[in-house]
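# Structural description and commentary
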Amino acid sequence: MRVAVLIMWLLHWLPLPILGRIGEGIGNVLYLLLRRRRHICLTNLRLCFPKMPESEREKITRRHFQVYVRSVLERGILWWSSESRLRKLIHVNYALPMAEMVSSPTIFMCPHFVSLDVAGVAVMLESSLCSIYTPQRNKSFDKALRKGRSRFRPVKLFSRAEGVKPIIRAMKENLPFFMLPDMDFGAKDAEFVPFFGVPAATLTALPRIAAATHAKVIPVIASIRPGYDGWDVKFDQPWSNYPHADIVSSTRQMNAYIEAEILKMPAEYFWTHRRFKTRPEGEANVYKQSASSFEDTQH
């Protein structure tokens, strides 16, 4: 992994068009080799888009592998490039001035699109923040990631095991909370809320923390610009009258917003995550492959 980090550092000197094409080329290879991840991605797409032709789902899956690997290599730019280079590559659209957004408790709700690290950098170029952080197994990669995510402003990163109390304390110190709330972490602190019509174990932390801190919720969406021209980061309008009295309907609003953004760029959502691994009682594992379906992936 130290070698991998060194390679990322060396590659970050390349122009983005070259680096992006390298990432997409490696993504094409991994699309063929990583059968299990390809199966997860296709299963998610079949569940969420049952009327979509299989050929279109396969096209999205291949493109997802391309942009995902590309985003991993491009982290080198985010971690080591100069601030001036980043400001040229990251094109930000603010619904409100950053100073106004962070003047009171704020949650930046950032779904799992492949360029989410770009959204984090866009915030840190202007403001400190707090966030929940999952330590990486490899110490070299963990060190590079932590340093890369905190090099412009002081950042408070908390373990998921610490719960929400440290986050609430940091928000009371006027640190915006950069939140990634749309992964399946099991049934604890979650409700089964529709995601493209499929019951998905969805954390209810967003409305709960917003209610506890009286924070405004501002969605942040990062996407890849065409022509290898960098990234777009959109800071949307704060949600009005959020959260509702009902936690489940508030969580459903979050999922509905993410669905609408996915439809704009379906290949850039993190489909290789097992979004539906936690099932309602009595429902089968949707990712289990039969022997015949496994054989099909070999051809």
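Our subject in this report is the structure included herewith. Given the structure is predicted, the values throughout are model-derived calculations rather than measurements. (Residues numbered from 1 in each chain as written. Predicted model: local features only at pLDDT ≥ 70, side-chain atom pairs only at ≥ 80, totals over all residues. Heavy atoms only, no water.)

### Some remarks on the sheet that holds strand 8 (residues 216–224)
Strand order in the open sheet formed by 7 strands is 1-9-8-2-5-3-4, with mixed pairing between adjacent strands. Each having just a single partner strand, strand 1 (90–94) and strand 4 (155–159) make up the two edges of the open sheet. Strand after strand, the sheet turns through a mean of 25° between neighbouring axes, direction not considered. Looking at chain direction, strand 2 (residues 106–109) and strand 5 (residues 177–179) are connected through 3 bridges and run parallel. When the sheet's bridge partners are listed, Met109 is paired in strand 5 with Met179. The strands that helix 7 (residues 116–124) touches are strand 1, strand 2, strand 3 (129–133), strand 4, strand 5, strand 8 and strand 9 (231–235); relative to strand 9, the one it contacts most, it runs at about 65°. (Pairing = 2+ DSSP bridges. Helix = DSSP H or I, 4+ residues; strand = E, 2+ residues; numbered from the N terminus. Axes fitted to C-alpha atoms, helices over the stretch in contact; angles between N-to-C directions. Contact = heavy atoms within 4.5 Å.)

### Here we look at a positive patch on the surface
A contiguous patch of positive charge, built from Arg36, Arg37, Arg274 and Lys277, is present on the exposed surface. Residue position: Arg274 is located in the loop between helix 11 (247–264) and helix 12 (291–296). On the basis of relative accessible area, Arg274 is assigned to the partly exposed category, the value being 30%. (Patch = residues over 30% accessible without salt bridge, like charges linked within 9 Å, V, L, I, M, F, W, Y side chains within 5 Å. Areas by Shrake-Rupley, 256 points an atom, 1.4 Å probe, with all protein chains shown as cover. Salt bridge = Lys/Arg side-chain N within 4 Å of Asp/Glu carboxyl O. Lys, Arg positive; Asp, Glu negative; His and termini not counted. Charge placed at Lys NZ, Arg CZ, Asp CG, Glu CD. Buried < 20%, exposed > 50% of the residue type's maximum accessible area, 1.4 Å probe, protein only.)

### With respect to the nonpolar core
Among the nonpolar cores identified, the biggest contains 44 residues, and Ile90, Phe108, Phe178, Trp231, Val233 and Phe235 are the most heavily contacted of them. Among the elements that line this core, the one with the most residues is helix 7, at 7 residues. For Phe235, the contacting residues outside a window of four places in its chain are Val92, Asn93, Tyr94, Ala95, Met98, Met101, Phe108, Ala122, Val123, Ile218, Pro219 and Val220. Listed in part, the 40 residues of the second largest apolar core include Ile40, Phe113, Ile209 and Ile258. (Core = buried A, V, L, I, M, F, W, Y, C linked by side-chain atoms within 4.5 Å.)

### Some thoughts on the pairing of strand 9
Here strand 9 shows a buried face lined by Trp231, Val233 and Phe235 and an unburied face lined by Asp232 and Lys234. Bridging between strand 1 and strand 9 involves 5 bridges; their strand directions are parallel. In the sheet register, Ile90 faces strand 9, and the bridge partner there is Trp231. Relative to strand 9, strand 8 runs antiparallel, the two being bridged by 5 bridges.

### Quick word on the packing of helix 4 (residues 54–80) against helix 8 (residues 139–148)
Where helix 4 meets helix 8, the axes come as close as 8 Å, and the angle between the chain directions of the two elements is 55°. Viewed along their axes, helix 4 and helix 8 adopt a mutual orientation that is oblique. Pair helix 4 / helix 8 crosses with left-handed handedness. Residues Arg75, Leu78, Trp79 and Trp80 of helix 4 form the contact with helix 8, whose own contacting residues are Phe141, Ala144, Leu145 and Gly148. Here the contact of helix 4 with helix 8 is built from residues that sort into 6 nonpolar, 1 polar and 1 charged. (Parallel < 35°, antiparallel > 145°, perpendicular 65-115°, else oblique. Left-handed = near helix turned anticlockwise from the far one by under 90°. Nonpolar A, V, L, I, M, F, W, Y, C, P; charged D, E, K, R; others polar.)

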